[in-house]
Amino acid sequence: KRMKTKKLVAIFLTAVMAASAMNVTAFAGQASDSTESLKIVMKPGDLTANGSRIDTPWLNRSMGNNLMFRALFIATNSDLTEVKGDLAEDYNVSEDGLTYTITLKDGLSWSDGEALTVDDVQWSIETALKAAKINSIYTAAFANIDSMETDGNTITIKMKTPYATMLDVLAQFAILPKHCLENTDPLNMEADDYWKKPVTSGMFVLDELNTGNYYTLKYNDKYEGTEPKIKNVTCYYVNDYLTAAQDGKADFIVDTDPALEEALNGMDNFTAYSIDSLFYKYLIFNMKGTDGKENEAMQNVEVRKALIEAIDRATLATLYPNASVLNSGVPNDNDAYNGFEYTFDADKAKADLEASGYDMGRTLKICYYNNDQTSVDLINTIVYYIEQTGLKVEATLSSDGTTDLFTTRDYDIGFKGKGAFSINEWYTEYMSTDGLFSNIFGGDTDFDEPIAKLTTATSAEETKTALENLETLEQEKVYKIPLFTVGTYAFVSDKVTLPEGVEFCNPLYMNDIDFTDWEMNE
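Sequence positions are assigned chain by chain, starting from 1 and proceeding in written order. Whole-chain, interface and lining totals are the exception, using all residues; otherwise, since this is a predicted model, local features are given only for residues with pLDDT of at least 70 and side-chain atom pairs are given and counted only at 80 or more. Side-chain measures here rest on the full set of heavy atoms in the structure, leaving out hydrogens and waters.

> Where do I start with the overall build of the protein in this structure?
Secondary structure elements are defined from DSSP: runs of H or I of at least 4 residues count as helices, runs of E of at least 2 residues count as strands, and each element is numbered from the N terminus. Assigned secondary structure in the protein consists of 18 helices and 20 strands. Each of the three principal axes of the protein carries a C-alpha extent, and together these read 70 × 55 × 40 Å. Only protein chains enter the accessibility calculation, which uses a 1.4 Å probe; a residue is then buried when its area is under 20% of its type maximum, exposed when over 50%, and partly exposed in between. Within the span of the protein, comprising 522 residues, buried residues form 56% of the whole. Pairs of residues are marked as contacts when any of their non-hydrogen atoms sit within 4.5 Å. Sequence-distant contacts in the protein: of pairs separated by 6 or more residues, those separated by 24 or more amount to 73%. We get accessible surface area from the Shrake-Rupley algorithm with a probe of 1.4 Å; when it comes to residues, only the shown protein chains can shield them. In the structure as shown, the protein presents an accessible area of about 21100 Å², 44% of it carried by carbon and sulfur atoms. A gap of 3 Å separates the mean positions of the 43 positive and 83 negative side-chain charges of the protein. Charged residues are defined narrowly, with Lys and Arg counted positive, Asp and Glu counted negative, and His plus the chain ends left uncounted. A charge is said to be at NZ when it belongs to Lys, at CZ for Arg, at CG for Asp and at CD for Glu.

> Would you mind showing me how to read the packing of aromatic side chains here?
Between two aromatic rings, the relevant description is the distance of the centres plus the angle of the planes. What counts as a ring pair is set by centres within 6.5 Å for rings of Phe, Tyr and Trp (its six-membered ring), and what kind of pair is set by the plane angle: stacked under 30 degrees, edge-to-face over 60, tilted for all other angles. One pass over the full model with this rule turns up 31 aromatic pairs. With a centroid separation of 4.8 Å and 80 degrees between ring planes, the pair formed by Tyr-194 and Trp-195 is classed as edge-to-face. Classification of Tyr-194 as buried rests on a relative accessible area of 7%. In this structure Trp-195 comes out as buried when scored by relative accessible area, which is 0%. Ring pairs connect the aromatic residues Phe-406, Tyr-427, Tyr-430, Phe-437, Phe-441, Phe-447 and Tyr-479, which therefore count as one cluster. Look at NZ for Lys and CZ for Arg. If either is within 6 Å of the ring centre and within 35 degrees of the ring normal, a charge sits over the ring. One residue, Lys-480, lies across the ring of Trp-426, its end atom 3.6 Å from the ring centre. Its guanidinium or amino end placed over the ring of Tyr-430, Lys-480 lies 4.5 Å from that ring's centre, counting from NZ or CZ.

> Hey, could you run me through the confidence of the model for the protein in this one?
Atomic detail in the predicted coordinates should be set aside for any region of low pLDDT. Residue-level confidence of the predictor is what pLDDT reports, using numbers from 0 through 100. The predicted model of the protein averages 89 in pLDDT, with 92% of residues at 70 or higher. Contacts from residues 1–28, a stretch scored under 50 in pLDDT, to residues over four places away or in other chains number 62 contacts.

> In this structure, what is going on with the pattern of salt bridges? I would like to understand it.
For side chains of opposite charge, pairing can occur when their charged atoms come near one another. Within this document, salt bridges are pairs made up of a side-chain nitrogen of Lys or Arg and a carboxyl oxygen of Asp or Glu, the two lying within 4 Å of each other. Taken as a whole and judged by the stated rule, the model has 20 salt bridges. A salt bridge links Lys-453 to Glu-449; the nearest nitrogen and oxygen atoms lie 3.8 Å apart. Of this pair, Lys-453 and Glu-449 both sit in helix H17 (residues 448–455), four residues apart, which is roughly one turn of the helix. For the pair Lys-453 and Glu-449, one class covers both residues: exposed.

> Would you mind showing me how to read the environment of Glu-224 here?
If you trace the backbone, Glu-224 turns up in the loop between strand E10 (214–219) and strand E11 (232–237). What Glu-224 contacts, discounting residues up to four positions off in sequence, is Arg-70, Lys-105 and Leu-108. For this analysis, a polar contact is any N or O atom pair within 3.5 Å, provided that within protein one partner can donate a hydrogen and the other can accept it, and provided that sequence-adjacent residues contribute only side-chain to side-chain pairs. A polar side-chain atom of Glu-224 sits 2.9 Å from a polar atom in the side chain of Arg-70.

> Please clarify how the nonpolar core should be interpreted in this entry.
Most often, soluble globular proteins keep nonpolar side chains buried together rather than apart. What makes a nonpolar core is a set of buried Ala, Val, Leu, Ile, Met, Phe, Trp, Tyr and Cys residues whose side-chain atoms join them at distances within 4.5 Å. Of all hydrophobic cores here, the largest spans 148 residues; its most connected members are Phe-142, Phe-504, Phe-515 and Trp-518. If one sorts the elements of this core by residue count, strand E13 (residues 270–285) sits on top with nine residues. If we ignore the near neighbours within four places in the chain, the residues touching Trp-518 are Leu-38, Met-63, Lys-229, Ile-230, Phe-252, Val-496, Thr-497, Leu-498, Pro-499, Phe-504 and Ile-513. Counting residues in hydrophobic clusters, the runner-up holds 16 residues, among them Tyr-241, Ala-250, Ala-272 and Phe-491.

> Can you help me understand the environment of Thr-485 in this one?
Position of Thr-485 relative to the elements: it lies in strand E18 (residues 480–493). In sequence terms Thr-485 and Ser-356 are 129 residues apart; their C-alpha atoms lie 30 Å from each other. Contact partners of Thr-485, with chain neighbours within four places excluded, come to Leu-278, Phe-279, Tyr-280, Asn-322, Ala-323, Ser-324 and Leu-326.

> Just to check I follow, could you spell out the pairing of strand E15 (residues 363–368) for this structure?
Side chains on a regular strand alternate between the two faces of the sheet. Across six bridges, the pairing between E15 and strand E16 (residues 392–397) is parallel. The partner of Lys-365 across the bridge, within E16, is Glu-394. When the strands point away from the viewer and the path from the first strand over the helix to the second turns clockwise, the crossover is right-handed. Each parallel crossover has a hand, and the one from E15 via helix H13 (residues 373–387) to E16 is right-handed. In this description, strands pair whenever DSSP reports at least two bridges between them. As judged from the two bridges shared by E15 and strand E17 (residues 413–420), these two strands associate in the parallel manner. Across the sheet, the residue bridging to Cys-367 is Gly-414, located in E17.

> What am I meant to see in unusual backbone geometry here?
A positive phi angle is found at Leu-80, which is not glycine, with a value near 65 degrees. Mapped onto the secondary structure, Leu-80 falls in the loop between strand E3 (73–75) and strand E4 (83–85). For Leu-80, a relative accessible area of 4% translates into the label buried. The phi torsion at Asp-514 lies on the positive side, around 50 degrees, for a residue other than glycine. Turning to its location among the elements, Asp-514 is positioned in the loop between strand E19 (496–497) and strand E20 (519–520).

As structure tokens, this is what we get:
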């Protein structure tokens, strides 16, 4: 969907900026400036092991790993609810939704020449359930699998219970090569040396990895599909998308930053495309603390409620021109919204904190991993609001958000963004089996049954009831502070010609964008 983005009003929070200062580190590195290479930019926060390995597609998809790794299916629409075969040639779902019979295409191979088979599919799904760093949409879906059987080129997946979005999830789940990774510890798989030179199944294979700066892709001559018109891609890791665009180092950018939107809208050589996706901005409470010990300061729900009262989320939302304030994972304009509203009341927040027995002399720690100016302004504002209660606050920018939020865990409140697959994904973070969030929420099992009712719902009424029950539970437990949803945009330079009708999806997932017909202009 092509659109002209609107001009933004500059927002200056002078008092807030004076109250807190954040340090932002630079990130350098440049590849060849060949105009034949499509240039994609990503943030350093996406890096694995300081850029010595590429990021795993099992955590989040990105344009780079979408071009290297394929799934059984691929979404054909931007809301990710319709699929067609990718690695799969054919499939059948039983009427009761309990049996999926999937047949692979003939002649599939990995980039090293090894055959890609149903054994890779079965191994990938089984290993995903053991992996530590993995998107919750996969573990939530695959936990419902009862058994898998293979016969020739066909895999049969039998479910314990129906799972309404199983095909949609399989259209996002990258199949990985068993012969390369079967001896790797799933709990630390993303650190394996495989990711320095991965064997792939997609149109492209890794060519050069320049640690911490960029990686380049070249055409995979073992790919059996239509050969793309673009044969080379460079994926840069940069802090400043705007500078990269001005320097000619970016042809494709996806972001939610309104300042970037305004700046690129003012450049004649970029076109903005709106993306209709559910992108959450929210805060998480670290209940577990470091080294597996409980964080006693955040255990009291009255403390967590008081901290929500201290933050004016409506004012925070004005930092984004298209933000919609939330009170749960269900947007306020959704039919399932239960009407509950968190209110801002600075005086009550202070009184409630003091009444809770919280140590008012203790320093409250905030961890965040986005260093764009809008995010920095938002963090500064949150620090300012909480400081008005009399607390000391320390905010730290992480260079590896996933590790610091879910493994190191040396913080009380984390700031997070989430490009969600659906509303369901917001709630599956609460599952006791979630590989990441159970590390900070403590593995509370109270959410498991209502989440199961949501994910197995087959009617609009069942879905609405399940969401309402989950809203009530999360507003009682208060493990997350929903702030707002924001709009997302893709920006494409005039060096690239896109095929007609291309629609981009949530940037953390993948859909069919007719990449084979993308062209670089001379």
